[in-house]
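Residue-level structural notes
Chain by chain, the residues:
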Amino acid sequence: MEVPSNLTLKIGETYTLRLPGLGTAGYRWSYEIEGNATSIDVSKVEAEYQQPLPVGSSRDEVFVIRAHAIGRISIRFVQSRPWEKDQPPQMQHIIQIAIDV
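Each residue is numbered by its place in its chain's sequence as written, counting from 1. Only residues with pLDDT of 70 or above have their local features reported here, since the model is predicted, and side-chain atom pairs are shown and tallied only from 80 upward, although totals for entire chains, interfaces and linings are computed over all residues. As a rule here, side-chain values cover all heavy atoms of the structure and leave hydrogens and water aside.

1. Let's talk about the nonpolar core
Ranked by internal contacts, the top residues of the largest apolar core, which has 17 residues, are Leu19, Ile40, Ile65, Ile75, Phe77, Ile95 and Ile97. Contributing elements (two or more residues each) for this core: strand 1 (6-10), strand 2 (14-19), strand 4 (40-45), strand 5 (61-67), strand 6 (71-80) and strand 7 (91-100). In what follows, residue pairs with any heavy atoms lying within 4.5 Å of each other are defined as contacts. Beyond its immediate chain neighbours, meaning those up to four positions away, Ile95 contacts Val3, Pro4, Ser5, Leu7, Leu17, Ile73, Ser74, Ile75 and Phe77. Think of a nonpolar core as a cluster: buried Ala, Val, Leu, Ile, Met, Phe, Trp, Tyr and Cys residues, connected wherever their side-chain atoms sit within 4.5 Å. Residue exposure (1.4 Å probe, protein chains only): buried if accessible area is under 20% of the type maximum, exposed if over 50%, otherwise partly exposed. Per the convention used, a helix needs a DSSP run of H or I reaching at least four residues, while a strand needs a run of E reaching at least two, with both numbered from the N terminus.

See the structure below:
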């Protein structure tokens, strides 16, 4: 699953980001926004599949990023177990976003 490191969005435009899930092992994706957080909205949505997943499979986690104002921001997505505060993340992705008119 390819995750971009740079995105350019126009005001009002959205980008759907699909990240590999490991929910059956307790891992969840979270994110932190650096820069003007009011420039974008990030919301988590339910992953859709064409067919049912096999028993024991983890669902991907899907985030929709919507641009609201001109600017440059960075979003750091981290996959970790919420109860393991002192452990390094299982996986992480940093996306630099430029928002234009």
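There's plenty left to go through after this.
2. Some remarks on the sheet that holds strand 5
Between any two strands, at least two bridges found by DSSP are needed for them to pair. An order of 2-5-4 is seen for the three strands of this open sheet, with the pairing classed as antiparallel. Both outer strands of the open sheet, strand 2 and strand 4, are each paired with one neighbouring strand and no more. The average angle at which neighbouring strand axes cross in this sheet is 20°, direction not considered. Where strand 4 and strand 5 come together, six bridges link them in antiparallel fashion. Residue pairing in the sheet places Asp41 in a bridge with Arg66 of strand 5. Angles here are taken between N-to-C directions and fall from 0 to 180 degrees, while the axes themselves are lines fitted to C-alpha atoms, restricted in helices to the stretch in contact.

3. A closer look at the pattern of salt bridges
Any Lys or Arg side-chain nitrogen located within 4 Å of an Asp or Glu carboxyl oxygen qualifies as a salt bridge. Throughout the structure, instances matching the rule amount to five salt bridges. Of the charged contacts, one joins Lys44 and Glu61 as a salt bridge, the two residues approaching to 2.4 Å between their closest N and O atoms. With Lys44 in strand 4 and Glu61 in strand 5, this residue pair connects regions lying 17 residues apart in the sequence. As a salt-bridge pair, Glu46 and Arg59 come within 3.2 Å of each other at their nearest N and O atoms. You can see Glu46 sitting in the loop between strand 4 and strand 5 and its partner Arg59 sitting in the loop between strand 4 and strand 5, a full 13 residues away along the chain.

4. Some points on the side chain of Gln79
Along the chain, Gln79 falls in strand 6. Every residue in contact with Gln79, bar those within four places of it in the chain, is listed here: Pro20, Gly21, Leu22, Tyr27, Arg28, Trp29, Pro89, Gln90 and Met91.

5. Details of the sheet that holds strand 3 (residues 28-34)
Pairing is mixed across the open sheet formed by four strands, whose spatial order is 1-7-6-3. Every other strand in the sheet has two partners, leaving strand 1 and strand 3 as the edge strands with one partner each. Taking the axes of each pair of neighbouring strands and ignoring which way they run, one obtains an average angle of 25° across the sheet.

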